[in-house]
Amino acid sequence: MTYRAPEATDTAPLAEQIEDLIHGLPGEQIRVGTLLQALGDEGLMLIVILLSAIFLIPVSIPGLSTVFGASILLIGLSRVRDRPLWVPRRLAEREVATEKLKANLGRALKWVHRMERLSQPMRLAVMVRSKKMMRLNNLMLVFATLLLMAPAGPIPFSNTLPALALMSFAIGFIQRDGAAVAAGYGFVVATVVYFGVLLGGVGFAAESVFSGFRSSTAEL
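Computed from a predicted model, the values in this text were never measured in an experiment. (Residues numbered from 1 in each chain as written. Predicted model: local features only at pLDDT ≥ 70, side-chain atom pairs only at ≥ 80, totals over all residues. Heavy atoms only, no water.)

Trainee: What should I look at first to understand the environment of E28 in this one?
Mentor: Within the fold, E28 resides in the loop between α1 (14–24) and β1 (29–31). For E28, a relative accessible area of 67% corresponds to the exposed category. The sequence separation of E28 and T98 amounts to 70 residues, and the corresponding C-alpha distance is 5.1 Å. The residues contacting E28, other than those within four sequence positions of it, are V96, A97 and T98. (Helix = DSSP H or I, 4+ residues; strand = E, 2+ residues; numbered from the N terminus. Buried < 20%, exposed > 50% of the residue type's maximum accessible area, 1.4 Å probe, protein only. Contact = heavy atoms within 4.5 Å.)

Trainee: Mind showing me how you'd approach the side chain of N159 here?
Mentor: One can find N159 in the loop between α6 (131–149) and α7 (160–175). Engagement of the side chain of N159 in a polar contact is seen with the backbone oxygen of L148, the distance being 3.1 Å. (Polar contact = N/O pair within 3.5 Å; in protein donor to acceptor, adjacent residues only side chain to side chain.)

Trainee: Sorry, what's going on with the pattern of salt bridges here?
Mentor: Two side chains bearing opposite charge may form a pair once their charged atoms approach each other closely. Summed over the entire model, instances satisfying the criterion amount to two salt bridges. Here D177 ties to R123 by a salt bridge, and the two come within 2.6 Å at their closest N and O atoms. Of this pair, D177 sits in the loop between α7 and α8 (178–219) while R123 sits in the loop between α5 (98–118) and α6, and the two are 54 residues apart along the sequence. When its relative accessible area of 31% is taken as the criterion, R123 is described as partly exposed. (Salt bridge = Lys/Arg side-chain N within 4 Å of Asp/Glu carboxyl O.)

Trainee: Just checking my understanding: could you explain the packing of aromatic side chains for this structure?
Mentor: What characterises a pair of aromatic rings is the spacing of the ring centres plus the angle enclosed by the ring planes. Counting across every chain of the model gives four aromatic pairs. Both rings, one in F55 and one in F68, keep their centres 6.3 Å apart while their planes meet at 85 degrees; by these two values the pair is edge-to-face. With a gap of 13 residues between them, F55 in the loop between α2 (32–53) and α3 (64–80) and F68 in helix α3 connect regions that are remote in the sequence. Summarising the burial analysis for this pair, F55 and F68 share the class buried. When the centroid spacing of 6.3 Å and the interplanar angle of 35 degrees are considered together, the rings of Y194 and F195 count as tilted. Residue classification places F195 among the buried residues on the basis of a relative accessible area of 15%. Members of the aromatic cluster, connected to one another through ring pairs, are F169, F173 and Y185. (Phe/Tyr/Trp six-rings, centres within 6.5 Å; stacked < 30°, edge-to-face > 60°.)

Trainee: What should I look at first to understand α6 in this one?
Mentor: One full turn of an α-helix is made of 3.6 residues, so residues set three or four places apart face in the same direction. Between the first and last C-alpha of α6 there are 27 Å, a value that for 19 residues agrees with the 27 Å anticipated at 1.5 Å per step. Among the residues of α6, those classed as buried are M133, M134, N137, N138, M140, L141, V142, A144, T145, L147 and L148. (Expected span 1.5 Å × (residues − 1).)

Trainee: What am I meant to see in the packing of α6 against α7 here?
Mentor: Relative orientation and spacing of two packed helices are given, respectively, by the angle between their axes and the distance between those axes. Contact pair α6 / α7: the axes reach a minimum separation of 9 Å and the direction vectors enclose 155 degrees. One way to sum up the angle between α6 and α7 is to call them roughly antiparallel. The chirality of how α6 crosses α7 is left-handed. Listed contacts from α7 to M134, N137, N138, M140, L141, A144, T145, L147 and L148 of α6 are P162, A163, A165, L166, F169 and F173. Tallied by class, the residues present in the contact of α6 with α7 amount to twelve nonpolar, three polar and no charged. (Axes fitted to C-alpha atoms, helices over the stretch in contact; angles between N-to-C directions. Parallel < 35°, antiparallel > 145°, perpendicular 65-115°, else oblique. Left-handed = near helix turned anticlockwise from the far one by under 90°. Nonpolar A, V, L, I, M, F, W, Y, C, P; charged D, E, K, R; others polar.)

Spelled out as structure tokens, the structure:
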């Protein structure tokens, strides 16, 4: 039997849509592809928030940013192309236990309720009103994902700053909150500056070592 998501209007709060989804989940199993389709665009942004929240700790988690970042990247690219999310057929046909899914979505609801309390729709509306601006915002979401996936190793905050950018963008997109989107841009700039300082420090250290080596060679 094919699962159809409960009816929801475009103006319905995301928390309400997720509650309807939880109550409408069928049987014991549901396909991943069917679930993603039922979640819709705003629901996918919730996935971005949940995946990004893992990186809010200062220390990087080796390998995890690549796996989770790839998932977020697929979501971001689907938004840039304005097309439904593409997932590999094998993954789309995989089934997940409905009870576990309900438990996870229930935990996600806590984040959504907090988000809806803190965020204010249509603040700084210029950031979310036009299609051109949203296209730029989606491109910046993809760029932030690439920064998250950068092989920065165990460097502190190398995942935290881009994760904060991703969460800010996702909250802004869901709540139509331009101030949250603007905060996302701020975290992207902070990430680029942070990486630039790190690269500059590495370059300076390498130059110092090389200069010392040349001086030692010249003395010989």
